[in-house]
Amino acid sequence: MNLSPSALENLQTLVLGLAFAGLLASAFEWATARRASFGLLSGGGLVALASLPILAFGAPFIILRNTVRGRRIERRPVPFVMLATMLACGWSLVSGRVVLDLAHLVSGA
């Protein structure tokens, strides 16, 4: 099986986005002793503002974690799980691209 260079780059970007999301969410949990979730925005004020970058880049991990948990505990239907996974992968592709672009910018390449 041959992958075109653009397909390989997209796959790497997707994996990087998911890995960075997991790293960010895990680092948040380690530093604050609470799980990263979209509920951070409901607090309002400075906490909500400070949590925006964490949620913007950690969202794919949070979506996938909640989807797997919802499937296991609440028995959510498979089409819902597939749709949530597609959303998380699309978001991961975009955030992975931003992380790659920032890494290239910082490295000067």
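Residues numbered from 1 in each chain as written. Predicted model: local features only at pLDDT ≥ 70, side-chain atom pairs only at ≥ 80, totals over all residues. Heavy atoms only, no water.

*Asks:* What should I look at first to understand the packing of helix α1 (residues 5-32) against helix α3 (residues 78-107) in this one?
*Replies:* Axis angle and axis distance: for two packed helices, these are the angle between their axes and the distance between the axes, and together they describe the pair. Contact geometry of α1 with α3 gives a least axis separation of 7 Å together with a crossing angle of 95 degrees. One element, α1, and the other, α3, form an angle in the roughly perpendicular class. Packed against α1, whose contacting residues are Glu9, Asn10, Thr13, Leu14, Leu16, Gly17, Leu18 and Phe20, the element α3 presents Cys89, Ser92, Leu93, Ser95, Gly96, Arg97, Val99 and Leu100 at the interface. A per-class count over the contact of α1 with α3 returns eight nonpolar, six polar and two charged. (Axes fitted to C-alpha atoms, helices over the stretch in contact; angles between N-to-C directions. Helix = DSSP H or I, 4+ residues; strand = E, 2+ residues; numbered from the N terminus. Parallel < 35°, antiparallel > 145°, perpendicular 65-115°, else oblique. Contact = heavy atoms within 4.5 Å. Nonpolar A, V, L, I, M, F, W, Y, C, P; charged D, E, K, R; others polar.)

*Asks:* Before we go on, may I ask you to explain the nonpolar core in this structure?
*Replies:* Considering soluble globular proteins, one finds that nonpolar side chains tend to be buried as a cluster. Ranked by size, the top nonpolar core spans six residues in total: Ala25, Phe28, Ala36, Leu40, Leu55 and Ile62. Taken together, the elements giving at least two residues each to this core come down to α1 and α2 (45-74). Not counting the four nearest positions on each side in its chain, Ala36 is found in contact with Ala25, Phe28, Ile62 and Arg65. (Core = buried A, V, L, I, M, F, W, Y, C linked by side-chain atoms within 4.5 Å. Buried < 20%, exposed > 50% of the residue type's maximum accessible area, 1.4 Å probe, protein only.)

*Asks:* Explanation requested: the packing of aromatic side chains in the structure shown.
*Replies:* Two numbers describe a pair of aromatic rings. These are the distance of the centres and the angle of the planes. The final tally for this structure, using the stated rule, is one aromatic pair. Measuring from ring centre to ring centre gives 6.0 Å for Phe20 and Phe57, while their planes differ by 85 degrees; the resulting arrangement is edge-to-face. Here the residue Phe20 occupies a position in helix α1, and Phe57 occupies one in helix α2, the gap between them amounting to 37 residues. Using a relative accessible area of 27% as the deciding quantity, one classes Phe20 as partly exposed. (Phe/Tyr/Trp six-rings, centres within 6.5 Å; stacked < 30°, edge-to-face > 60°.)

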